[in-house]
Every structure is written in C-alpha cells, then in structure tokens.
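Residues per chain are reported as follows:
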Amino acid sequence: MAKLKILEFPDARLRTKATPVETVDDALRALISDMFETMYAAPGIGLAATQVDVHKRLLITDVTPDKSEPHVLINPEILEKDGVTVSDEGCLSVPGYYEEVERAEHIRVRFLDRHGETQEMEAEGLLAVCIQHEMDHLEGKLFVDYQSEAKRQRIRKKLQKERRHQSAAVAM
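Residues numbered from 1 in each chain as written. Predicted model: local features only at pLDDT ≥ 70, side-chain atom pairs only at ≥ 80, totals over all residues. Heavy atoms only, no water.

Digging into the overall build of the chain
Here is step 1: Helices and strands together make up the secondary structure of the chain, namely three helices and seven strands.
Here is step 2: When its helices and strands are written in sequence order, the chain yields α-β-β-β-β-β-β-β-α-α.
Here is step 3: A globule of 172 residues ought to have a C-alpha radius of gyration of about 16 Å, and the chain, at 16 Å, matches this closely.
Here is step 4: A principal-axis box enclosing the C-alpha atoms of the chain has dimensions of 50 × 40 × 30 Å.
Here is step 5: Split into buried and exposed, the 172 residues of the chain put 44% on the buried side.
Here is step 6: For the chain, long-range pairs separated by at least 24 residues make up 66% of all intrachain contacts whose partners lie at least 6 apart in sequence.
Here is step 7: Approximately 9000 Å² of the chain is accessible, and the part contributed by carbon and sulfur atoms is 50%.
Here is step 8: Between the centroid of the 24 positive side chains of the chain and the centroid of its 31 negative side chains there is a distance of 10 Å. (Helix = DSSP H or I, 4+ residues; strand = E, 2+ residues; numbered from the N terminus. Rg over C-alpha atoms; globule rule 2.2 N^0.38 Å. Buried < 20%, exposed > 50% of the residue type's maximum accessible area, 1.4 Å probe, protein only. Contact = heavy atoms within 4.5 Å. Areas by Shrake-Rupley, 256 points an atom, 1.4 Å probe, with all protein chains shown as cover. Lys, Arg positive; Asp, Glu negative; His and termini not counted. Charge placed at Lys NZ, Arg CZ, Asp CG, Glu CD.)

A short note on the sheet that holds strand β7 (residues 118-124)
Here is step 1: Reading across from one edge, β1-β2-β3-β6-β7 is the order of the five strands in this open sheet, with antiparallel pairing throughout. Looking at the sheet topology across the chains shown, the edges are occupied by β1 (46-48) and β7. Averaged over neighbouring strand pairs, the angle between their axes works out to 40° when direction is ignored.
Here is step 2: Examined bridge by bridge, strand β6 (residues 106-112) and β7 share seven bridges and lie antiparallel to one another. Bridging from a neighbouring strand, F111 pairs with Q119 of β7. (Pairing = 2+ DSSP bridges. Axes fitted to C-alpha atoms, helices over the stretch in contact; angles between N-to-C directions.)

Some thoughts on the layout of surface pockets
Here is step 1: Looking at the largest pocket, its volume works out to about 380 Å³.
Here is step 2: Lining the largest pocket are 22 residues, and of these I45, E89, G90, C91 and Y98 lie nearest its centre.
Here is step 3: Looking at the lining of the largest pocket, the elements that each hand over two or more residues are β4 (85-91), β5 (94-103) and α2 (125-138).
Here is step 4: If you tally residues by element for the lining of the largest pocket, the top one is α2, at six residues.
Here is step 5: Looking at the lining of the largest pocket residue by residue, the class counts come to eleven nonpolar, eight polar and three charged. (1 Å grid on protein atoms, 1.4 Å probe; cavity = no way out; pocket = protein on both sides within 12 Å on 5 of 7 lines; lining within 4 Å. Points joined across faces, edges and corners; volume = space filled by probe spheres on them. Nonpolar A, V, L, I, M, F, W, Y, C, P; charged D, E, K, R; others polar.)

Structure representation (structure tokens):
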C-alpha cells in the first residue's frame, strides 16, 4: 500500500468531473487500498478518487472512530433522498476549514462494491452526509461551493498564504 497525495483547494484538478469505472480489477482494488491508507492517515472519514488525482467514479468512507466500517462505492448513484440536515463539514482538500452545509438526512444509493457486484445501501446521519460530500467531489464540486463567493475567496487566499509559508520554511 502507498499513501497518496491529496489535492488541495484551489487546485483545478479538483474540478474535474469523474468518469465511470469500466472494470473492477486488481489495479482498482490496489487504488482502493491506497485510498484507505491515505484517508486513515490524514485522518479523514471519506475520500473520493478525484481528491487523489484519479478521475474515476470511486469513493470510500468510514465514519466509525475505530475504523471498523469501511465502505467502497464504485459508480455510486443516489436513488432516493429525504429529510434535511445541516452540519459542519470539513474536507481533506480544504484542510482546517469547516462550514455548515445542508444535505439530505437519509439516502439510498446503488453502487458496485470492490468485487464489482451491484449493491444498494441505505445511509443516514453522518454516513449519508459523507457519501453526498464525496459524490460532490466526483462531480467536481467542493463543500466550499455551498458558501458565498466572498467566503470561498477568503478560504482560497488563506490556504495559498499558508502554502507559501510552508514552502518558504522548507526552503530554509
């Protein structure tokens, strides 16, 4: 397994719309393993392939504190959604920032699992929010897109400034 580099906002590659996975094979399963290693190390509760510069319709989640319920969703499709919840969301691609986002409270989703088998799953609460958040990534959308343009610009400028400071510190 290998830890992957997570793209950070405002990297334009995060805006790439993912294409469907055509074949579930050993190469894809290796990517899934690498994504779990990367997500757990970050630490995070969800990761879309887009965030690691692989523009395929693949996401992973594990919202449990003990990392005991990993989910792999390949070519996910929301079949039903209901209810409304507003929660503070963060993102591994927008480190250190949390903003309120409105999402469906409950979803039913169809997807392929890591063996290429079609599955359906009902999710609610944090898992439903996480899946919707990661599915946004597959469409080239970030949680900051739910915020005002002014707030997005502030976050973008702060992250760019932090990166410049980190680069300068490394160069010393």
